[in-house]
Amino acid sequence: MRMVDLIDLKKNNHSLTRKQYHFIIDGYCKGKIPDYQMSAFLMSVCFNGLTMSETVILTDEMIHSGEIINLKDIDGIKVDKHSTGGVGDKTSLVLGPMIAACDVKIAKMSGRGLGHTGGTLDKLESIPGFNIQVCKADFIKQVNEIGIAIIGQSTKIVPADQKIYALRDVTATVDSIPLIASSIMAKKIASGSDVILLDVKYGQGAFMKTKEEAVILAHTMIEIGQRLGKDTRAIISDMNQPLGNAIGNALEVIEAIDTLKGEGPQDLLELCLQAGSNILVQAKRCQNEAEAVKLLKQTIENKTALKKLRTMVDYQNGDVNYIDDTDLFKKAKFIIPIKAKKGGYVKEINAKALGIISMKLGGGRLVKDDIIDHSVGIVLNKKVGDKCDKGDVLAFLHGNDEITQELIEEFYEAYKIVDFFVKKPILIDEILV
């Protein structure tokens, strides 16, 4: 078997067999297939796509390229939630403790942020001492004892995806739904949970720009999960504006804590209740969505979800005083109010533009080796559908270097204010099972 022949087959839109995909993945991981040949193959996939059967086979081969986490020693049904990424998306920090407070085990392996989207691990590391590198034995022990752990993903899990994604990133082969779906689902399935809930986002601040693309991606991932024996469902959510009000690591942790106190933004809570109710039904903790929503709301009202977050932070060596008193988080040197130049209603907020501004302030990475400043970012005061008068504060920019007029103008360009009434957008468009 020769790689050049497989490239030619895919170039001419032929389907490949499991044996052929094994040859490709195994050969590339072992260095027998060079980058230039894998690049040619990936470009062929971008042009011609894959059948559903091919996508499942590719995912399965990637799963078996490395370690598969066995969570059989954790009692009960294990659940995981994955977001396709967005601006201000701190859902896991709220939803995870809520789920655990409902006596459902959440064993989550997360990633870091790159570009305009934030990473869960970066947010957690804004809590002094928080340890994301937990060994498998301690991970299992922690989930069994307190019902939740959020840790860094092992480099031994799906090494094929790590190599292939790095190549896709520099060869303009990222935007292929079969490749995106196989990349996400390989990592989720290899991480060992029984139940997977996907939050597939669309809009300016998301990877998928349209709802139609998001639905196709969600259906593809659901099909992969079901064919590989995992109960997989998805919600489709809007990322044309940031989720919640805070953008930036410590700022988002503070907002997550506020939400668990019952004082957070409505859209963040709405997403957590919708995602959480699906998870509780999947995990057979509740019989229907209404029962699940009621149970989740109780974890906010009685503070059991907040206590669960505190316990997780304690188990992972974080300073729990920061959960008890968010004023302890380091503040940025400069906190600049951005005021509306005219009155009206906020019609649009470019989430990606705000994510990039936060990155420029130091809150994100342009390349993976960039160092994060956990204290910087943006806190929004007006969102789509809100009325504002001239001079009202739209947002506060938090930075440790002097905030330039150029950056302030970039912020103004991200906001569109009109003189007619604007309805607040629908956050969750669809639930797919």
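Before any of the text, the structure's been laid out above.
A few points on the structure. Since the model is a prediction, treat every value here as computed from it, not as a measurement.

Reading guide: rules and limits
- Residues numbered from 1 in each chain as written.
- Predicted model: local features only at pLDDT ≥ 70, side-chain atom pairs only at ≥ 80, totals over all residues.
- Heavy atoms only, no water.
- Core = buried A, V, L, I, M, F, W, Y, C linked by side-chain atoms within 4.5 Å.
- Buried < 20%, exposed > 50% of the residue type's maximum accessible area, 1.4 Å probe, protein only.
- Contact = heavy atoms within 4.5 Å.
- Helix = DSSP H or I, 4+ residues; strand = E, 2+ residues; numbered from the N terminus.
- Pairing = 2+ DSSP bridges.
- Axes fitted to C-alpha atoms, helices over the stretch in contact; angles between N-to-C directions.
- Parallel < 35°, antiparallel > 145°, perpendicular 65-115°, else oblique.
- Left-handed = near helix turned anticlockwise from the far one by under 90°.
- 1 Å grid on protein atoms, 1.4 Å probe; cavity = no way out; pocket = protein on both sides within 12 Å on 5 of 7 lines; lining within 4 Å.
- Points joined across faces, edges and corners; volume = space filled by probe spheres on them.
- Nonpolar A, V, L, I, M, F, W, Y, C, P; charged D, E, K, R; others polar.
- Salt bridge = Lys/Arg side-chain N within 4 Å of Asp/Glu carboxyl O.
- Arc of directions from axis to C-beta.

1. As for the nonpolar core
- Ranked by size, the top nonpolar core spans 84 residues in total, and within it M98, I99, L280, L354, I378 and F411 carry the most contacts.
- Contact partners of L280, with chain neighbours within four places excluded, come to I99, C102, V104, R285, C286, A292, L295 and L296.

2. Observations regarding the pairing of strand 1 (residues 78-83)
- In terms of residue burial, strand 1 counts as a mostly covered element, since six of its six residues are buried.
- The alternating pattern of strand 1 places K78, D80 and H82 and V79, K81 and S83 on opposite faces, both of which are buried.
- Of the pairings in the sheet, the one linking strand 1 to strand 2 (residues 105-110) comprises two bridges and is parallel in character. Paired with V79 across the strands is I106, a residue of strand 2.

3. Some words on the sheet that holds strand 12 (residues 415-418)
- If you walk across this open sheet you meet the three strands as 10-8-12, and the pairing is antiparallel. Two strands bound the open sheet, and with one partner strand each, they are strand 10 (387-388) and strand 12.
- Note: strand 8 (residues 344-349) against strand 12, four bridges, orientation antiparallel. When the bridges of strand 12 are listed, E348 appears paired with K416.
- Sitting on the sheet, helix 17 (residues 405-414) touches strand 8 and strand 12, and the angle it makes with strand 12 is about 50°.

4. Brief notes about unusual backbone geometry
- Although it is not a glycine, D103 sits at a positive phi angle of roughly 65°.
- Relative to the helices and strands, D103 is located in the loop between helix 5 (91-101) and strand 2.
- Given a relative accessible area of 63%, D103 falls into the exposed group.

5. A short note on the sheet that holds strand 4 (residues 195-202)
- Ordered in space as 3-2-1-4-5-13, the six strands form an open sheet in which the pairing is mixed. The open sheet terminates on both sides in strands that have one partner only, identified here as strand 3 (148-152) and strand 13 (428-432). Adjacent strand axes in the sheet meet at a mean angle of 20°, parallel and antiparallel pairs treated alike.
- Pairing of strand 5 (residues 231-238) with strand 13 involves four bridges; the strand directions are antiparallel. Its bridge partner lying in strand 13, S237 is registered against I428.
- Packing of helix 12 (residues 266-282) onto the sheet brings it into contact with strand 1, strand 4, strand 5 and strand 13, and relative to strand 5 it is tilted by some 165°.

6. Quick look at the pairing of strand 11 (residues 393-399)
- Counted residue by residue, strand 11 has six buried out of seven residues, so it is predominantly covered.
- In terms of strand pairing, strand 7 (residues 334-339) meets strand 11 through six bridges, oriented antiparallel. If you follow I338 over to strand 11, its bridge partner there is A395.
- Relative to strand 11, strand 9 (residues 377-380) is paired through four bridges, and the arrangement is antiparallel. Each bridged residue has a counterpart across the sheet, and for L380 the counterpart in strand 11 is A395.

7. Description of the packing of helix 7 (residues 136-146) against helix 14 (residues 304-315)
- Running from amino to carboxyl end, helix 7 crosses helix 14 at an angle of 155°, the nearest separation of the two axes being 11 Å. The pairing of helix 7 with helix 14 is recorded here as roughly antiparallel in orientation. At the point where helix 7 passes helix 14, the crossing takes the right-handed sense. Facing Q142, E145 and I146 of helix 7, the residues of helix 14 in contact are K308, T311, M312 and Y315.

8. Let's talk about the side chain of Q37
- For Q37, the position within the fold is in helix 3 (residues 35-48).
- Here Q37 is in contact with M3, V4 and I7, once residues within four sequence places are set aside.

9. Some points on the layout of surface pockets
- Estimated volume of the second largest pocket: approximately 370 Å³.
- What lines the second largest pocket is a set of 19 residues, and nearest its centre among them are Q241, D267, K383, V384 and K424.
- For the lining of the second largest pocket, the leading source of residues is helix 12, giving three residues.
- Grouping the amino acids of the lining of the second largest pocket by side-chain chemistry returns eight nonpolar, four polar and seven charged.

10. With respect to the pattern of salt bridges
- In total, this model carries 26 salt bridges according to the counting rule given.
- Where D8 meets K11, a salt bridge forms, and the shortest distance between an N and an O atom there is 3.2 Å. Here the residue D8 and the residue K11 both occupy positions in helix 1 (residues 3-11), the gap between them amounting to three residues, near one helical turn.
- Judged by its relative accessible area of 52%, K11 is exposed.
- A salt bridge links K424 to D386; its shortest N-O distance comes to 2.3 Å. With K424 in the loop between strand 12 and strand 13 and D386 in the loop between strand 9 and strand 10, this residue pair connects regions lying 38 residues apart in the sequence.
- Among the residues examined, K424 registers a relative accessible area of 54% and is labelled exposed.
- Through salt bridges with shared partners, a single ionic network connects R18, D60 and E61.

11. Description of helix 17
- Within the span of helix 17, buried status applies to L407, I408, F411, Y412 and A414. Buried residues of helix 17, seen end-on, are gathered within an arc of 160° and therefore sit on one face of the element. Facing away from the buried side of helix 17, by more than 90 degrees, are the exposed residues Q405, E406 and E413.
- Residues of helix 17 that are buried make contact with strand 7, strand 8, helix 16 (351-363), strand 9, strand 11 and strand 12.

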